[in-house]
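Here's the letter readout for the chains.
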Amino acid sequence: MEMLRVENLTKIYGTGENQVRALDGVSFSVEKGQFVSIIGPSGSGKSTLLHILGGVDRPTGGKVFVNGQDVYARNEDQLAIFRRREVGLIYQFYNLIPVLNVEENITLPVLMDGRPVNRDRLHEMLDTLGLRGRERALPNQLSGGQQQRVSIGRALMNAPAVVLADEPTGNLDSKNSQDIVELLRFSNRRYNQTLIVITHDESIALQADRIMAIEDGKIIRDEVIRG
């Protein structure tokens, strides 16, 4: 079953001599439950692509469909709901709210929707993330690996169909990096979530079901390695 489809996606920044074509006619589709890694040099368009897939940055041209729905046919309020409910965004920099504790950071997307927190799911999440007993800790009381686990919990709390991670292990040592990848892979398998990870780490890329390489805003390689 197709979960994500991109059609002739283009993103241009600037005008005239300062114009930069960050994405240039990108098209592909991803099946439900597939784990895709996206690799490429700095400035190749990887993060721009991820932001557009997640409803963070509008494309200059082309379309993005998630679960059959045109993402950019939505207005800004609808896009905000899309970002909270349908995709989980994970960044290299954890972006935690410093005055909120672990539990509050994880449940923030649910609370912003004005919905009650599913305590069973929260407890399952805390156990899976290895954060049980740290619910009341503030971000500055956590290690880098623990902070990234909180950001993953926040991204997964709404059980999104698509999880988008931009260099999620970029600030971590090798052991914490592998732990984070295993957590993402576990969630991908358990909940049949589509997982797309941007990474410079070849060992992480090779754990995916499929590798896509981007250069100068174009896909230059798209290879299924397992599935």
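Up top is the structure.
Residues numbered from 1 in each chain as written. Predicted model: local features only at pLDDT ≥ 70, side-chain atom pairs only at ≥ 80, totals over all residues. Heavy atoms only, no water.

Attention now goes to the overall build of the protein. Secondary structure summary: the protein contains seven helices and ten strands in total. Here the C-alpha atoms of the protein give a radius of gyration of 17 Å, agreeing with the 17 Å that 2.2 N^0.38 yields for 227 residues. Judged by the C-alpha coordinates and their principal axes, the protein covers about 50 × 40 × 40 Å. When each of the 227 residues of the protein is scored for burial, the buried share is 49%. A separation of at least 24 residues holds for 69% of the contacts in the protein among residues at least 6 apart in sequence. When the accessible surface of the protein is summed, it comes to about 10,600 Å², and 47% of that surface belongs to carbon and sulfur atoms. The positive charge centre, built from 27 side chains, and the negative charge centre, built from 29, are 4 Å apart in the protein. (Helix = DSSP H or I, 4+ residues; strand = E, 2+ residues; numbered from the N terminus. Rg over C-alpha atoms; globule rule 2.2 N^0.38 Å. Buried < 20%, exposed > 50% of the residue type's maximum accessible area, 1.4 Å probe, protein only. Contact = heavy atoms within 4.5 Å. Areas by Shrake-Rupley, 256 points an atom, 1.4 Å probe, with all protein chains shown as cover. Lys, Arg positive; Asp, Glu negative; His and termini not counted. Charge placed at Lys NZ, Arg CZ, Asp CG, Glu CD.)

What follows is about the layout of surface pockets. Here the largest pocket defines a volume of roughly 380 Å³. Considering every element that reaches the lining of the largest pocket, the biggest residue donor is strand E6 (residues 87–91), with four residues. Classifying every residue of the lining of the largest pocket by side-chain character gives eight nonpolar, three polar and three charged. (1 Å grid on protein atoms, 1.4 Å probe; cavity = no way out; pocket = protein on both sides within 12 Å on 5 of 7 lines; lining within 4 Å. Points joined across faces, edges and corners; volume = space filled by probe spheres on them. Nonpolar A, V, L, I, M, F, W, Y, C, P; charged D, E, K, R; others polar.)

With that settled, consider the side chain of Asp209. Note on placement: Asp209 falls in the loop between helix H7 (202–205) and strand E9 (210–215). Not counting residues within four places of it along the chain, the set of residues in contact with Asp209 comprises Gly33, Gln34, Phe35, Arg185, Glu223, Val224, Ile225 and Arg226.

Read from one edge of the open sheet, four strands run E2-E1-E4-E5, paired in antiparallel fashion. Since the sheet does not close on itself, it has two edges, and those belong to strand E2 (20–31) and strand E5 (69–70), each with one partner. Strand direction decides the pairing type here: strand E4 (residues 61–66) and E5, joined by two bridges, are antiparallel. Each bridged residue has a counterpart across the sheet, and for Val66 the counterpart in E5 is Gln69. (Pairing = 2+ DSSP bridges.)

Taking burial as the measure, the eight residues of helix H1 (residues 46–53) include six buried ones, the bulk of the element. Turning to H1, its buried residues are Lys46, Thr48, Leu49, Leu50, Ile52 and Leu53. Following H1 by one or two positions, Gly55 adopts a phi angle in the positive range, close to 80°.

Spatially, six strands are ordered E6-E7-E8-E3-E9-E10 in an open sheet, and the strand pairing comes out mixed. Across the chains shown, the open sheet's two edge strands, defined by having one partner strand only, are E6 and strand E10 (218–224). Each strand axis lies, on average, 15° off the axis of its neighbour in the sheet, ignoring direction. In the sheet, strand E3 (residues 35–39) pairs with E9 via four bridges, with the strands oriented parallel. Paired with Ser37 across the strands is Ile211, a residue of E9. Each of E3, E6, strand E7 (162–166), strand E8 (194–198) and E9 is contacted by H1, which is oriented at about 150° to E7, the strand it contacts most. (Axes fitted to C-alpha atoms, helices over the stretch in contact; angles between N-to-C directions.)

One non-glycine residue, Asn8, adopts positive backbone phi at about 50°. Its location among the elements puts Asn8 in strand E1 (residues 2–13). On the basis of relative accessible area, Asn8 is assigned to the partly exposed category, the value being 48%. In this structure, Asp216 is a non-glycine residue whose phi angle is positive, near 50°. Position of Asp216 among the secondary structure elements: in the loop between E9 and E10.

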